[in-house]
Protein chains: 2
Amino acid sequence: PEHADDVRRAAQWAKKKLDKIGFPVVELISGEGHPLVYGEWIGLEGQPTLLIYGHYDVQPVDPLTEWQSEPFSPRIDGDSLYARGASDDKGQVMIVLSALESLVRGGEGLPLNIKILLEGEEEAGGAFVEKYVCQNSERLRADAALICDTHMISRTQPSIINGLRGILYTEIWVGGAKSDLHSGSYGGVAPNPLHALCLLISRLKGEDGRIAVDGIYDSPVKVTVEERKSWELFRMDVEKRLLAEMGVPELVGEKEYSAAERLGIRPTLEVHGIKGGFTGYGAKTVIPAEAVAKVSLRLPATMTPADVFAAFENAVKAHMPAGYRVEVKNLHGGRGISVSSDSVFIQAAVSAIEKTYGKKPVFAREGGSIPIAALFDSILKIPVVLLGFGLPDDGVHGPNEKFSLSQFFKGIETVADYLQRLRHPAR
Amino acid sequence: PEHADDVRRAAQWAKKKLDKIGFPVVELISGEGHPLVYGEWIGLEGQPTLLIYGHYDVQPVDPLTEWQSEPFSPRIDGDSLYARGASDDKGQVMIVLSALESLVRGGEGLPLNIKILLEGEEEAGGAFVEKYVCQNSERLRADAALICDTHMISRTQPSIINGLRGILYTEIWVGGAKSDLHSGSYGGVAPNPLHALCLLISRLKGEDGRIAVDGIYDSPVKVTVEERKSWELFRMDVEKRLLAEMGVPELVGEKEYSAAERLGIRPTLEVHGIKGGFTGYGAKTVIPAEAVAKVSLRLPATMTPADVFAAFENAVKAHMPAGYRVEVKNLHGGRGISVSSDSVFIQAAVSAIEKTYGKKPVFAREGGSIPIAALFDSILKIPVVLLGFGLPDDGVHGPNEKFSLSQFFKGIETVADYLQRLRHPAR
C-alpha cells in the first residue's frame, strides 16, 4: 500500500502503451486495491479470441543493500538486464506488448481477436482480479488464455508448461493438558502435543513419501506417451539440476517415480512449520498444552481441494494417537490445471517455440499453483497456455532479479509467431 | 540482577537470624552472584552432623497484575499465607530456622551437629553454590543432608521423597537443502527437515511411551517391596490427581506401569519445542533448510547423563531418515538420586512425620531433578533427605503463591522431632 502511487503509474503506463499500439478499447479498472488494465481488440469474424494475462506489479525490493544496482534503474550486463520485475513479470508483459505492437506496425494487423488483462495485485494475493474474472466471465469469454509469467527449464532446452498442481493448505491444532506442564513432574504420564504431532505427521507421510490419505492416489492426471518419454529422456538432467539447486547429494521422496513426475503430477505432503513449547536459548523443560502444525498437500489437477480436505481431516483423526484433542483448519485451497498436449493452442505454441529456438520444446509440468491459471480454467473453462520465457536463475522475488535479453527477443518472436499460427486453428 | 540489593538484604536477614538463634559461626559468603549464608554449630562429640540446605531467593513476581495482594506483603486468608516465596522456599527455610530456634530456646540445645547452607541463586541456576560445594567438600562434610524445598503429595497424605530422576537435555539440528525452498517447485523431491524430525522423534519414542535408545532400560532403580506396595495402594489416588491437575481424560505413555513408577523411576523422552519453517499467520509454502528440536530424557538415578547422551546420539543417527545432515548437542545434564528407604536418616523422617501427622508417610519419588540434591549425593556422598512441607496447589513460581499455615506449624514440629531422633542414630 505504501507504493500505491508508483503502482498506479505503472498501470497508467500500460494503459497508454495499449492505446499507442492501437487497441480500440482500453480501460483502467479501479477496485479496492490496485487497478486492472484491460484492452480489447476484437471483431475479426471467424477468428478465435485469445485472452492474454500478465501483471505489472512486482515484489518488494528488500533487502535493498544486496542489490548491485538500483532495482528500478535497469542495468544491462552481457545478456542480462537487471531490475525488479525484469523477469516477473514486467519483462514478460513487454514481450507480449512488443509482439502485439510488431504485428500491428508490420501492417498486417492482429491475426485474431485479443483481450488483454493486466493485473496489479499478483504479488499481493490477486483478490481484485479474482472477483473481476468471476463477475465478468462473459466479457472475458475467449477460446484460450495465454499467460507469460513462467520460466523455461533451461537456456538450452525450451519448454512449455502444460500443467500445474493444486494445493490444499491446512493447520492442525493438537491439545493436551489444560496448561503447560513441567516434564519433571508430569513427564511419563502427560500428553505432549508436540510428540503427538510428530507421530501423526510420520503416519500421514512416511520416509518413502507415501501419503496416508484415502483416495489421494485414485485419480491420477493422465499424461501422453510423448510426455512420459520426454520425462525419461530428461530424467538425469532434471535430477542433476535439482540436486545442484538444493545442494544435496540425493533426492528425498518417492524414489520409484521420476523427479518430473513427482514434481508435476504426484500428490505431496509437506509440513511447513510446527509451533508450540519452547524454542529459545537454553533448556526449558516444558510440556506444552498445545501445538500447531502447518501442513499442505500438492494435488493432481484431477482433485478438488475441498474433497481432499475432507479426506485429509478423516486421515488426521484416524491417525491421531490416543489422549489428544485435534482440530484441522482449511486455510487455503487452489485447483491445479492440466492442459492436454494435444490441444491446438498448445500445439501452436510448440511449433512457434520450435521455429524460434530451432529445437522442439519439452513439456514441463509445474509443481506450484498459479491461481489465475486455475481461475481461467475453472471459471472461463478454456485451455490455459503457460508460455513463459524466464530462466530458472532469474532470481525472481530476490535481489538482482534479471531477465535474459536473448530470451526476451526470442520471446517476442515466439509470441508473434504463435498469434499468427492461431489465425486459422485447425479445429 | 536488577534486584541484587533486595536479595542481599534477604541474605543479611538470614545471617542475623542464625546469629540470633546462637550459631557460633555465621558467614555471608560472597561470590560472583548472590551470597551464600553459612552457619555452623558443631562440636557435639559422638553425634552425627546434618547439613541443612535451603534458598532465600525467589522467582520473579510477573505477571504482577494477576496477584490479588502485594507479593512481598504476606496476606493470610484462612489456612493460607500468600506471598512470593511462601512455599518456595522462604516459608520452608523458616520451618527449619524455627525448629532450630525452638530446640535452642527450649533449653536443650541442638541435639546434633548442624551445618546450614542457604543459597541465593537457586532460581537462577545455582552456579555459585555448585562451585562452593565442589571446593569446600571438607568443610561441608556431614552424615546426611536435609533439604526442605519440596511438597507432599496431598494435604491428607504426608509423604517423603526418596528419589529424583536425572535429566539429559539435548538439541537436535537437522539440515536439508542449502536454502529454504518453495514447496510448489521442490515438494516431492526435497528434503524437509521438519518432516525428518517428525519421523525421527516418532522412532525415538512411540505412542506406547517406549524409548528406542540402547541401554535405557538396562539399569532400573531398585525399589523396596514396601515402596512398590505403597504405589499400588495409592495408584488410583495418584492417577485421579494427575488427571485432574492436567485436565485430561486419560494418561498418556507406558500404560503397563503405574503412574508413580512412570513419574518416579521410568526413563522418559519429551520434545519441548520444534523450530523451523513458518508458523505465522497464513499459508506460506516454505520447505525449511533446517529445523531444530529440543528433546530431553528423564533418567533413572542409576544412569549418568553423559553415558545416556552417547547412546542417544547413536540412536538419533541410527533412526534419522536418509538424505539429511544431523547434529546432536548436549545442552544440560543432571544425575538423579535414589535414597534407600532403609536409611536411618529416612526412617527417622518417617517416624517424625508419623508422630506429627498421626499417619505414616508414603514414599513419593519425584520426576524432576533438584541439582543441589544431586550435588550433595555425588560430591559429598551422603544420603539426601527431601523433607518438604509444600502442597501441590501452592502455586510456586506463579502469581498468588501460598503456603499452608497448618503445614508450616506441622513442619516445625516435624523437623524439631526429626533432629532429636537423629541424636543417637541406630547405626
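Please refer to the structure higher up on the page.
Basis of the calculations
Every chain's residues receive numbers from 1 upward, in the order its sequence appears when written. Labels follow written order: the first chain is A, the first ligand is 1, and so on. This being a predicted model, a pLDDT of at least 70 is required before a residue's local features are given, and a value of 80 or more before pairs of side-chain atoms are given or counted; all residues contribute to the totals for chains, interfaces and linings. The basis for the side-chain values is all heavy atoms of the structure; hydrogens and waters are excluded. Our superposition of the copies is a least-squares fit, built on the C-alpha atoms of residues whose pLDDT is at least 70 in both. Residues are treated as being in contact if the distance between any of their heavy atoms lies within 4.5 Å. Two strands make a pair as long as DSSP finds a minimum of two bridges between them. Helical segments are the DSSP runs of H or I of at least four residues, strand segments are the runs of E of at least two, and each set is numbered from the N terminus. In this analysis an axis means a line fitted to C-alpha atoms, helices contributing only their contacting stretch, and an angle means the value between N-to-C directions, from 0 to 180 degrees. Expected span of a helix, by definition, is 1.5 Å for each gap between consecutive residues, and there is one gap fewer than residues. Any residue under 20% of the maximum accessible area for its type is buried, any over 50% is exposed, and the rest in between are partly exposed; the area is computed with a 1.4 Å probe on protein chains only. Polar contact is the term for a pair of N or O atoms within 3.5 Å; when the atoms are in protein, one must be able to donate a hydrogen and the other to accept it, and sequence-neighboring residues count only if both atoms are side-chain atoms. For this text, the term disulfide refers to a pair of cysteine sulfurs within 2.5 Å. If an angle is under 35 degrees, it is roughly parallel; if it is over 145, roughly antiparallel; if it lies from 65 to 115, roughly perpendicular; otherwise it is oblique. By definition, turning the near helix anticlockwise from the far helix through less than a right angle yields a left-handed crossing, and turning it clockwise yields a right-handed one. Here the term charged refers only to Asp, Glu, Lys and Arg, the term nonpolar to Ala, Val, Leu, Ile, Met, Phe, Trp, Tyr, Cys and Pro, and the term polar to all other amino acids, Gly among them. Summed over both partners, buried area is the accessible surface (1.4 Å probe) that two parts give up on being assembled. For this analysis, a salt bridge means a side-chain nitrogen from Lys or Arg found within 4 Å of a carboxyl oxygen belonging to Asp or Glu.

Focus: the relation of the copies chain A and chain B
Part 1 of the reasoning: Take chain A, turn it by 180°, move it 0.1 Å along the axis, and it overlays chain B with an RMSD of 0.2 Å. The transformation relating the two chain copies, once decomposed into turn and shift, fits a two-fold axis. By C-alpha distance to the rotation axis, the residue of chain A lying nearest is C198(A), at 2.1 Å.
Part 2 of the reasoning: Interface residue correspondence from chain A to chain B reaches 100%, placing this contact among same-surface, isologous pairings.

Regarding the sheet that holds strand β15 (residues 325-334) of chain A
Whether parallel or antiparallel, the strands of a sheet pair through hydrogen bonds between backbone atoms.
All names here are of chain A.
Part 1 of the reasoning: The strand order across the open sheet formed by 4 strands is β12-β14-β10-β15, and the pairing between neighbours is antiparallel. The two strands at the open ends of the sheet, each matched to only one other strand, are β12 (268-275) and β15. Shown here is a sheet whose adjacent strand axes are inclined to one another by a mean of 20°, direction ignored.
Part 2 of the reasoning: Helix α5 (residues 193-204) contacts β10 (166-175), β12 and β14 (290-299) of the sheet and is inclined by roughly 15° relative to β14.

Observations concerning α5(A)
Part 1 of the reasoning: The terminal C-alpha atoms of α5(A), which comprises 12 residues, lie 16 Å apart, in line with the 16 Å expected from a rise of 1.5 Å per residue.
Part 2 of the reasoning: Taken across its 12 residues, α5(A) has 11 buried, putting it largely inside the fold.
Part 3 of the reasoning: For α5(A), the elements touching its buried residues are β10, β12, β14 and α9 (305-319) of chain A together with α5 (193-204) and β12 (268-275) of chain B.
Part 4 of the reasoning: Structurally, the start of α5(A) carries an N-cap: the backbone nitrogen of L194(A) is 2.9 Å from a side-chain oxygen of N192(A).

Considering the state of the cysteines
Among covalent bonds in proteins, the disulfide is the one between the sulfur atoms of two cysteines.
Part 1 of the reasoning: On inspection of all chains with the given rule, the structure shows 0 disulfides over all chains.
Part 2 of the reasoning: The thiol of C198(B) is unpaired, and the distance to the nearest cysteine sulfur, on C198(A), comes to 4.2 Å.

Some thoughts on the packing of helix α10 (residues 344-357) of chain B against helix α12 (residues 405-421) of chain B
Residues and elements named next belong to chain B.
Part 1 of the reasoning: Close contact between α10 and α12 brings their axes to 8 Å; oriented N to C, the two are set at 135°. With respect to each other, α10 and α12 are oriented oblique. Two packed elements cross with a definite hand, and for α10 against α12 that hand is right-handed. Of α12, the residues touching α10 (which contributes F345, A348, A349, S351, A352, I353, K355, T356 and Y357) are Q407, K410, E413, T414, D417, Y418 and R421.
Part 2 of the reasoning: Here the contact of α10 with α12 is built from residues that sort into 7 nonpolar, 4 polar and 5 charged.

Remarks on the interface of chain A and chain B
Part 1 of the reasoning: Contact residues are listed per partner, giving 74 residues for chain A and 74 residues for chain B.
Part 2 of the reasoning: Approximately 5,700 Å² of surface area, both sides summed, lies buried where chain A meets chain B, with 58% of it carried by carbon and sulfur atoms.
Part 3 of the reasoning: Linking chain A with chain B are 2 salt bridges, by the criterion used here.
Part 4 of the reasoning: Across the salt bridge formed by R203(A) and E207(B), the nearest N and O atoms sit 2.8 Å from each other.
Part 5 of the reasoning: Inspection of the region where chain A meets chain B yields 41 residue pairs in polar contact (both at pLDDT 80 or more).
Part 6 of the reasoning: Ranked by residues supplied to the side of chain A that touches chain B, first place goes to α5(A) with 8 residues.
Part 7 of the reasoning: A breakdown of the residues in the side of chain A that touches chain B according to their chemical character gives 33 nonpolar, 27 polar and 14 charged.

Notes on the pattern of salt bridges
Residue and element names in this part refer to chain A.
Part 1 of the reasoning: The final tally for this structure, using the stated rule, is 55 salt bridges over all chains.
Part 2 of the reasoning: Note that K294 is salt-bridged to E171, the shortest N-O span being 3.0 Å. Placement of the pair is K294 in strand β14 and E171 in strand β10, with a sequence separation of 123 residues. In terms of burial, K294 and E171 fall into one category: buried.
Part 3 of the reasoning: Among the salt bridges present, the one from E254 reaches R266, with a minimum N-O distance of 2.7 Å. Here the residue E254 occupies a position in the loop between α7 (235-246) and α8 (259-264), and R266 occupies one in the loop between α8 and β12, the gap between them amounting to 12 residues.
Part 4 of the reasoning: Overall, the relative accessible area of 3% leaves E254 in the buried class.
Part 5 of the reasoning: Exposure remark for R266: the relative accessible area of 10% places this residue in the buried category.
Part 6 of the reasoning: Because the salt bridges share partners, they merge into one network encompassing K17, E101 and R105.

Some words on unusual backbone geometry
If a residue is not glycine, its phi is most likely negative; likewise, a peptide bond is most likely trans.
Residue and element names in this part refer to chain A.
Part 1 of the reasoning: With an omega of -5°, the peptide bond between D62 and P63 qualifies as cis.
Part 2 of the reasoning: A cis amide bond links D88 to the next residue, D89, at an omega of 5°.
Part 3 of the reasoning: Considering the arrangement of structural elements, one finds D89 in the loop between β5 (80-82) and α2 (90-105).
Part 4 of the reasoning: Positioned with a positive phi, H397 is a non-glycine residue whose angle comes to about 75°.
Part 5 of the reasoning: With respect to the helices and strands, H397 occurs in the loop between β18 (384-386) and β19 (402-404).
Part 6 of the reasoning: We classify H397 as partly exposed; its relative accessible area is 39%.

Re the side chain of E401(B)
Residue and element names in this part refer to chain B.
Part 1 of the reasoning: Take E401: it is sitting in the loop between β18 (384-386) and β19 (402-404).
Part 2 of the reasoning: Residue E401 is classed as buried on the basis of its relative accessible area of 1%.
Part 3 of the reasoning: Side chain to side chain, E401 and R84 meet in a polar contact 2.7 Å long.
Part 4 of the reasoning: A distance of 3.0 Å separates a polar atom in the side chain of E401 from the backbone nitrogen of S87.
Part 5 of the reasoning: Aside from chain neighbours lying at most four places away, what touches E401 is W67, L81, Y82, A83, R84, G85, A86, S87, D88, D394, G395 and V396.

Bear in mind that shape data such as this cannot, by itself, settle questions of function.
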